[in-house]
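Letter by letter, the chains look like this.
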Amino acid sequence: SCRQHILAPPGVSQHHLSIAEALVKLVSYLQDFESNFYRLPSGLQIVAPLFNAFSFYCYWEDVFKIKKLLLEAAIEEHLHQVRITPTDLEVHASLANLYVSLSKLYRDVIAQRGKKAQGLAEQFHFAGSLAIEELKILNYYAPNDPWVHEQLALGYSRLDMPEEELKEVEILSMLRPQDTDILYRLGMLY
């Protein structure tokens, strides 16, 4: 449906990013959708928390799967765009952010469902490692960009890789020597 409604003008190769943006907006629209599936009349608002919990129990897995499929489709559109413009840094940054969003989706479900979501830990780590790979590509093209090193440090932190996180924070401290937050973070890692 997005492909039919988002038509690129002749000579423009960025329509993949427009489709991906539409998919990401739909994912953000679905935030907390599973808890608010049922709308109660104003007179029954006292039982709303019970209905919200029931709604979450019934629909969390379906909404999770829809979000996952939408994010994967957005990632696929970005990969198509990378094939067209392989050195476009914005595409790589956006793709890294999508991988981070996917890993956060897994992390949130793991945190909410606990043992019932055991199989998602591997997918969480895989999505996180793909985000790090995209950030490494960005680092290759822009080695002195503090944003890239900050994102790499956060990615390594999420994946429990303290040595790699420490290296990135050290680079950040060289790029921003007056930033006390980075110095504090560096001290905590040491």
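Preceding this paragraph is the structure being described.
Basis of the calculations
- Residues numbered from 1 in each chain as written.
- Predicted model: local features only at pLDDT ≥ 70, side-chain atom pairs only at ≥ 80, totals over all residues.
- Heavy atoms only, no water.
- Helix = DSSP H or I, 4+ residues; strand = E, 2+ residues; numbered from the N terminus.
- Buried < 20%, exposed > 50% of the residue type's maximum accessible area, 1.4 Å probe, protein only.
- Contact = heavy atoms within 4.5 Å.
- Areas by Shrake-Rupley, 256 points an atom, 1.4 Å probe, with all protein chains shown as cover.
- Salt bridge = Lys/Arg side-chain N within 4 Å of Asp/Glu carboxyl O.
- Expected span 1.5 Å × (residues − 1).
- Polar contact = N/O pair within 3.5 Å; in protein donor to acceptor, adjacent residues only side chain to side chain.
- Axes fitted to C-alpha atoms, helices over the stretch in contact; angles between N-to-C directions.
- Parallel < 35°, antiparallel > 145°, perpendicular 65-115°, else oblique.
- Left-handed = near helix turned anticlockwise from the far one by under 90°.
- Phe/Tyr/Trp six-rings, centres within 6.5 Å; stacked < 30°, edge-to-face > 60°.
- Patch = residues over 30% accessible without salt bridge, like charges linked within 9 Å, V, L, I, M, F, W, Y side chains within 5 Å.

Draft legend 1. Representation of the overall build of the chain in the model. When you go through the chain residue by residue, the secondary structure sums to 8 helices and 0 strands. Within the chain, the fraction of its 190 residues that count as buried is 34%. Of the contacts formed within the chain by residues at least 6 apart in sequence, a portion of 52% connects residues at least 24 apart. When the accessible surface of the chain is summed, it comes to about 11700 Å², and 58% of that surface belongs to carbon and sulfur atoms.

Draft legend 2. Looking closely at the pattern of salt bridges. A full pass over the atoms with the stated rule returns 7 salt bridges. The partner of E21 in a salt bridge is K25, with the nearest N and O atoms 3.5 Å apart. Of this pair, E21 and K25 are both found in helix α2 (residues 15-29), 4 residues apart, which corresponds to roughly one turn of the helix. Taking the relative accessible area as the measure of exposure, E21 reaches 45% and is therefore partly exposed. The salt bridge involving E165 is made with R185; its shortest N-O contact spans 3.7 Å. Pair noted here: E165 is in helix α7 (residues 162-175) and R185 is in helix α8 (residues 180-189), with a separation of 20 residues, a long-range link. Per residue, the accessibility class of E165 equals that of R185, and both read buried.

Draft legend 3. A look at helix α6 (residues 146-158). Between its first and last C-alpha atoms α6 spans 18 Å; for 13 residues at 1.5 Å apiece the expected length is 18 Å, and the two agree. Residues V148, H149, E150, Q151, L152, A153, G155 and Y156 constitute the buried set of α6. The backbone nitrogen of W147 has a side-chain oxygen 3.1 Å away, supplied by the residue at the start of α6, namely D145. Once α6 finishes, D160 follows within two positions and takes phi at roughly 55 degrees, a positive value.

Draft legend 4. How the structure looks around the packing of α7 against α8. Interaxial distance between α7 and α8 falls to 9 Å at its minimum, and their mutual angle equals 150 degrees. As far as their axial angle goes, α8 and α7 are roughly antiparallel. In the crossing of α7 with α8, the sense of the turn from one axis to the other is left-handed. Seen from α7, the contacting residues are E165, L166, V169, E170, L172 and S173; seen from α8, they are I182, L183, R185, L186 and L189.

Draft legend 5. Molecular detail of the packing of aromatic side chains. Under the defined criterion, the tally for this structure stands at 2 aromatic pairs. Summarising the aromatic geometry, the rings of Y140 and Y141 are spaced 5.4 Å apart at their centres and angled 80 degrees between planes, so their arrangement reads as edge-to-face. By relative accessible area, Y141 is classed as partly exposed at 39%.

Draft legend 6. Quick peek at a nonpolar patch on the surface. Together, L89, I137, Y140 and Y141 make up an exposed nonpolar region whose accessible area comes to about 400 Å². Element by element, the count of residues in the nonpolar patch is highest for helix α5 (residues 120-141), at 3 residues. Inspection of the secondary structure puts Y141 in helix α5.

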